[in-house]
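# Examining the three-dimensional arrangement
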Amino acid sequence: MKPLSIQKRRIYFTLFALAFIVGIPILILYSTGYRLNSALNIIRTGGLYISVPYSGVSVFVNDQIVRQTSVFQKNVFVQNLRPESYTIRVEKDGLQLWSKELIVSPQTVTEAYSFLLPEAALFIEITEFVEVATTSQATTTPRTTPPPKPQKNALYTDIMNLFVSTSTTATNIKATTTEDIKIKRKLSVENRNGTLVVSWEGDISAIPHYFCVASECKEEIVINTGSPVKTFDFFPGRDDLVIVTISQGVYVFEIDDRSAQNFQLLKLGQGIDFRVKSNDSIYIKDGLKLYSVSL
Amino acid sequence: MNYHLTPYFRVGRASDLSGKDRLIYRALEILPGALSWGTILGTIMASFFVPVWAAYFIIAFDLYWLMKNGYLAIHLRHNWKRIKHNLATDWAERVSHLKYEHLLHLIILPFYKEDLSVVEESMEALLNTEYDKNRMAIVLASEESAGDEASLISKAIEDKYADKFGHFLVTKHPAGTPGEMAGKGSNISYAAEQSRVKILDPNNISYGDVIVSAFDVDTVAYKQYFLCLTWNFLNVSDPHKVSFQPVPFYNNNVWEAPALSRVVAASSTFWQMIQQERPEKLATFSSHSVSFKSLYEIGYWQKNMVSEDSRIFWNLFLARDGDYSVVPISYPVSMDANLAPKFFQTAKNIYKQHRRWSWGAENIPYMLFGFLKNKSIPFRTRLRMSIVQVEGFWSLATNPLLIFLLGWLPVVLGGVSFNSTILSYNLPFVTRNLMIVSMLGLVLTAIIFMSFLPPKPLREKKRSRFYMGIQWILVPFTIVVFGAIPGLDAQTRLMFGKYMGFWVTPKYRKEKQQ
């Protein structure tokens, strides 16, 4: 049996080389968002990237479901979209709705980071006193165990102190204060007479996506809370969300103002306040009662 | 041009030369590593500074990889059919029409400290070959530095097999000979010369009638190997202008070796099978055969370098002014896959063996320097060979890294601006999909591998055969860890003048321990 002939090898080589030469522009055009429309014209498309914090969440684009998130894939990337405005809706039973109107630009992916608070968050009361059982000691004469004796709850005291302290700032303490400026990863939020103004203090090349539309980036974003902000802080684990206390209660607002800013209720009530501790726990104070928030 | 008479012919490294020649040779030693590192660092830099262009390059490269795999798969499949055909051919009948009784097969088995059982297995295989044993000369080429135990094994082998072949010689290569590097090259060169003095000349055997097979000590010849080799020797226009290359299988211990070792070994087999269909790109590798006349004319294998198996081809190519080639005989010989008592040691040995093979990059400066000096070789030939060989070593060290590791770099290093483009989102999907399609070729490799497996020993479990099929999912890992990285390691050493010595792959047999 003879080796593969040089003629055959040349034919194969030519075929593969042709496939390569033809394939390169097709792949690159495809990867950069070029598509054929129904009229067989080449058009430039864009995409949407929606970050979703939970699995089992339905993501809609223009009222059409595009994906239900799973444990392995919580984020949604939709491409082949014509450059125009799209309404994104993210919803799941038991969670508050998040929606956004976003403009898709050609060859660009428009990002959005949804947040979904529970419709009824769980508030766990931190009591001022806790019952501490006394340990019985073995004696030769039987004795009855004394009833538990109430003791001051150290956690209650610690958290209550957070609502008193005003001496530190968000960059170097681990809890919310009532100061006017908070900075997280070069993102500054300032309370100007009850209005929150967000600005970017870092390098322009690293500016958060929601400051920019196409190549135009704004210097400040105003969070439209509707009524004056009393206290505010970054939402634990996120730098695109702030928790605010306004006269109606405690709410979470998104900074992204490319369309109407989403806000979701955490707890309704007048005179209530909150603190964030260690960037992972939210505490609500309602009168003399303290609650930790389970989301 | 009598290039083999020039001082350049036996150069082992830049320091063997002086003046301008030394500088040129040193620059050529740097070349393979510089190209590979340039590609890797260039991709990293481009991903940082011009991520869009880096992404285009990666997509293009992935497609190139896919097309190359497809193209090579056709060669692999054809060679698979050819080997099966050759194994089914009755070579005794084919050579019976030829006059071949005057030919002598001189088989050199370089031996260091391997166990008796390893040498015995090779000897038994030689004894079982269908060839007139009177026309076979066996040379057990031992090393003085291997000590007394090796001498005892040599003696035992000689006692057992000497009278079963026409000629049998045990040579003992002296240790510490000036100008030599301890290794296979110096050993088999010494053995070849001793054979001339002690076998060929006393028996008035013409050098042109002697076919030398330079085996490894674990090389097991298939039954009709020497008949097939003889047929090929007699059917080329000038057998002294070619070397003969069998296909190295690693089947001796395939049922004992771990999956990692099997995959890496079989990958080497497949590469050689592909090259068998592209003889113009083929240089000799591992066990090979060549006429004694050719060897004698150039002073045998080089003694001052590691990759003597490939270097002998370049020696002869340059000595014959480019009028030299390799005949792929598409007939297998079998050797050991890497195996050590512990898995980690096996992995370490695989790495070291592949680094030694990749050290074959030392032939690049030798070849290019030879091409600069020997203008008798046609320019087109020199250019084509240079491109083929340089591309080969560059591919080995860079392609798997580009495909499996660096494809995501623009996304990681490209910055906010690039990461908001649809190209940045599509890059991982496109590269992943192209890679998956490329990996479909593994089905073919699994089928071919299974088809050449020796019968399953009774002690092996039924599921062993299943593992032999599924093991190919390791390829993305092995091609990087035991392909690209040792390749890059060897080229980097050459680049910095940290010359490697010869590392003998340990041979280990599980049965011996049971």
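Calculation criteria
- Residues numbered from 1 in each chain as written.
- Chains lettered and ligands numbered in written order.
- Predicted model: local features only at pLDDT ≥ 70, side-chain atom pairs only at ≥ 80, totals over all residues.
- Heavy atoms only, no water.
- Helix = DSSP H or I, 4+ residues; strand = E, 2+ residues; numbered from the N terminus.
- Rg over C-alpha atoms; globule rule 2.2 N^0.38 Å.
- Areas by Shrake-Rupley, 256 points an atom, 1.4 Å probe, with all protein chains shown as cover.
- Lys, Arg positive; Asp, Glu negative; His and termini not counted.
- Charge placed at Lys NZ, Arg CZ, Asp CG, Glu CD.
- Buried < 20%, exposed > 50% of the residue type's maximum accessible area, 1.4 Å probe, protein only.
- Pairing = 2+ DSSP bridges.
- Axes fitted to C-alpha atoms, helices over the stretch in contact; angles between N-to-C directions.
- Disulfide = S-S within 2.5 Å.
- Contact = heavy atoms within 4.5 Å.
- Buried area = accessible area lost by both parts, 1.4 Å probe.
- Salt bridge = Lys/Arg side-chain N within 4 Å of Asp/Glu carboxyl O.
- Polar contact = N/O pair within 3.5 Å; in protein donor to acceptor, adjacent residues only side chain to side chain.
- Nonpolar A, V, L, I, M, F, W, Y, C, P; charged D, E, K, R; others polar.
- Parallel < 35°, antiparallel > 145°, perpendicular 65-115°, else oblique.
- Right-handed = clockwise from strand over helix to strand, strands pointing away.
- Core = buried A, V, L, I, M, F, W, Y, C linked by side-chain atoms within 4.5 Å.
- Expected span 1.5 Å × (residues − 1).
- Arc of directions from axis to C-beta.
- pLDDT = per-residue confidence, 0-100.
- 1 Å grid on protein atoms, 1.4 Å probe; cavity = no way out; pocket = protein on both sides within 12 Å on 5 of 7 lines; lining within 4 Å.
- Points joined across faces, edges and corners; volume = space filled by probe spheres on them.

### Describing the overall build of chain B
- When its secondary structure is counted, chain B shows 20 helices and 8 strands.
- The C-alpha atoms of chain B give a radius of gyration of 23 Å, which matches the 24 Å a tight globule of 514 residues would have.
- Each of the three principal axes of chain B carries a C-alpha extent, and together these read 80 × 65 × 45 Å.
- Counting every atom, chain B has about 20200 Å² of accessible surface; 61% of that belongs to carbon and sulfur.
- A distance of 7 Å separates the average location of the 54 positive side-chain charges in chain B from that of its 42 negative side-chain charges.

### Points about the overall build of chain A
- For chain A, the helix and strand inventory stands at 2 helices and 25 strands.
- Each of the 295 residues in chain A was classed as buried or not, and the buried ones make up 41%.
- Working note: accessible area of chain A is about 16400 Å², and carbon and sulfur atoms make up 54% of it.

### A short note on the sheet that holds strand β18 (residues 220–223) of chain A
Residue and element names in this part refer to chain A.
- If you walk across this open sheet you meet the 4 strands as β13-β14-β15-β18, and the pairing is antiparallel. Sheet topology places β13 (181–184) and β18 at the edges, where each strand pairs with a single neighbour. Each strand of the sheet is rotated relative to its neighbour by a mean of 20 degrees, with strand direction disregarded.
- Bridge analysis of strand β15 (residues 195–200) against β18 gives 4 bridges, and the strand direction is antiparallel.

### With respect to the state of the cysteines
Residue and element names in this part refer to chain A.
- Applying the stated criterion to the full structure yields 1 disulfide over all chains.
- The side chain of Cys 212 participates in a disulfide bridge whose partner is Cys 217; the two sulfur atoms lie 1.9 Å from each other. One quick way to see it: the torsion about the S-S bond of Cys 212 and Cys 217 is about 100 degrees, and its sign makes the bridge right-handed.
- Look at Cys 217 and you get partly exposed, because its relative accessible area is 33%.

### Describing the interface of chain A and chain B
- Listed as interface residues are 31 residues of chain A and, on the opposing side, 29 residues of chain B.
- Summed over both sides, the interface of chain A with chain B buries roughly 2700 Å², with 71% coming from carbon and sulfur.
- Broken down residue by residue, the surface that chain A buries against chain B is led by Met1(A), Arg9(A) and Phe16(A), which jointly contribute 27%.
- Here chain A and chain B share 1 salt bridge between them.
- The shortest N-O distance in the salt bridge between Arg9(A) and Glu280(B) comes to 2.5 Å.
- Connecting chain A to chain B are 13 residue pairs in polar contact (both at pLDDT 80 or more).
- Of all the elements in the fold, those that place two or more residues in the side of chain A that touches chain B are α1 (6–31), β3 (46–51), β6 (76–81) and β9 (109–113) of chain A.
- The residue makeup of the side of chain A that touches chain B, split by class, is 17 nonpolar, 10 polar and 4 charged.

### With respect to the sheet that holds strand β20 (residues 241–246) of chain A
All names here are of chain A.
- What the 4 strands build is an open sheet, ordered β19-β20-β21-β22; its pairing is antiparallel. With one partner strand each, in any of the chains shown, β19 (231–234) and β22 (263–268) form the two edges of the open sheet. Each adjacent strand pair in this sheet contributes to an overall mean axis angle of 20 degrees, direction not counted.
- As paired strands, β20 and strand β21 (residues 249–254) are joined by 6 bridges and run antiparallel to one another. Note on β21: the bridge partner recorded for Ile 246 is Gly 249.

### Some points on the packing of helix α1 (residues 19–49) of chain B against helix α2 (residues 51–88) of chain B
Residue and element names in this part refer to chain B.
- Direction vectors running N to C along α1 and α2 enclose 135 degrees, while the axes themselves pass 5 Å from each other. As far as their axial angle goes, α2 and α1 are oblique. Residues Thr 43, Ala 46, Ser 47, Phe 48 and Phe 49 of α1 form the contact with α2, whose own contacting residues are Pro 51, Ala 54, Phe 57 and Ile 58.

### Some remarks on the pairing of strand β3 (residues 167–173) of chain B
Residue and element names in this part refer to chain B.
- Taking burial as the measure, the 7 residues of β3 include 5 buried ones, the bulk of the element.
- Direction of pairing for strand β2 (residues 136–143) relative to β3: parallel, over a ladder of 7 bridges. If you follow Ile 138 over to β3, its bridge partner there is Phe 168.
- Chirality of the crossover, the property in question, places the unit of β2, helix α5 (residues 148–161) and β3 among those that are right-handed.

### Remarks on the nonpolar core
All names here are of chain B.
- Of all hydrophobic cores here, the largest spans 59 residues; its most connected members are Ile 108, Phe 292, Trp 301 and Trp 314.
- Considering each element in turn, this core owes the most residues, 7 residues, to helix α10 (residues 308–319).
- Not counting the four nearest positions on each side in its chain, Ile 108 is found in contact with Val 139, Ala 141, Ile 188, Ala 191, Ala 192, Val 212, Ser 213, Ala 214, Phe 215 and Trp 301.

### Some thoughts on helix α4 (residues 116–128) of chain B
All names here are of chain B.
- The end-to-end C-alpha distance of α4 is 18 Å, a good match for the 18 Å that 13 residues give at a rise of 1.5 Å each.
- Taken together, the buried positions of α4 are Val 118, Val 119, Ser 122, Met 123, Ala 125 and Leu 126. Angular distribution of buried residues about the axis of α4 spans 155 degrees; they occupy a single face of the element.
- Each element contacted by the buried residues of α4 is listed here: β1 (104–110), β2, α5, β3, β5 (220–221) and α7 (225–235).

### A closer look at the confidence of the model for chain A
- Counting all residues, the mean pLDDT for chain A is 88, and 89% of those residues have values of 70 or more.
- Between residues 167–175 of chain A, whose pLDDT stays under 50, and residues either more than four places distant or in other chains, the model counts 16 contacts.

### Considerations on the environment of Arg311(B)
Residues and elements named next belong to chain B.
- Summarising the element assignment, Arg 311 is placed in helix α10.
- Judged by relative accessible area, which is 0%, Arg 311 ranks as buried.
- Put simply, Arg 311 and Gly 38 are 273 residues apart on the chain and 26 Å apart in space, counted from C-alpha to C-alpha.
- Residues contacting Arg 311, with those up to four places away along its chain left out, are Val 11, Tyr 25, Gln 302, Met 305, Glu 362, Asn 363 and Tyr 366.

### Focus: the pattern of salt bridges
- Evaluated as defined, the whole model comprises 30 salt bridges over all chains.
- For Arg258(A), the salt bridge is made with Asp256(A), and the minimal N-O distance between the two is 2.8 Å.
- With a shortest N-O distance of 3.3 Å, Asp489(B) and Arg355(B) are connected by a salt bridge. Residue Asp489(B) is found in helix α19 (residues 475–495), and its partner Arg355(B) is found in helix α11 (residues 343–358); the two are separated by 134 residues along the sequence.

### Description of empty space enclosed by the protein
All names here are of chain B.
- Applying the stated criterion to the full structure yields 6 cavities of 30 Å³ or more.
- Of the voids in this model, the largest cavity is the one considered here, and its volume is about 120 Å³.
- Surrounding the largest cavity, 13 residues form its lining, Tyr 250, Asn 251, Ala 266, Thr 269 and Phe 449 being those nearest its centre.
- Of all elements in the fold, only α8 (259–276) and α17 (441–451) reach the threshold of two or more residues within the lining of the largest cavity.
- In terms of residues, the lining of the largest cavity owes the most to one element, α8, which gives 5 residues.
- In terms of residue class, the lining of the largest cavity is made up of 10 nonpolar, 2 polar and 1 charged.

### Thoughts on unusual backbone geometry
Residues and elements named next belong to chain A.
- With a phi close to 60 degrees, Leu 40 is a non-glycine residue in the positive phi region.
- Under the relative-accessibility criterion, Leu 40 is labelled exposed at 64%.
- Despite not being glycine, Asp 63 has its phi angle at roughly 65 degrees, a positive value.
- Along the chain, Asp 63 turns up in the loop between β4 (58–61) and β5 (64–68).
- On the basis of relative accessible area, Asp 63 is assigned to the exposed category, the value being 60%.

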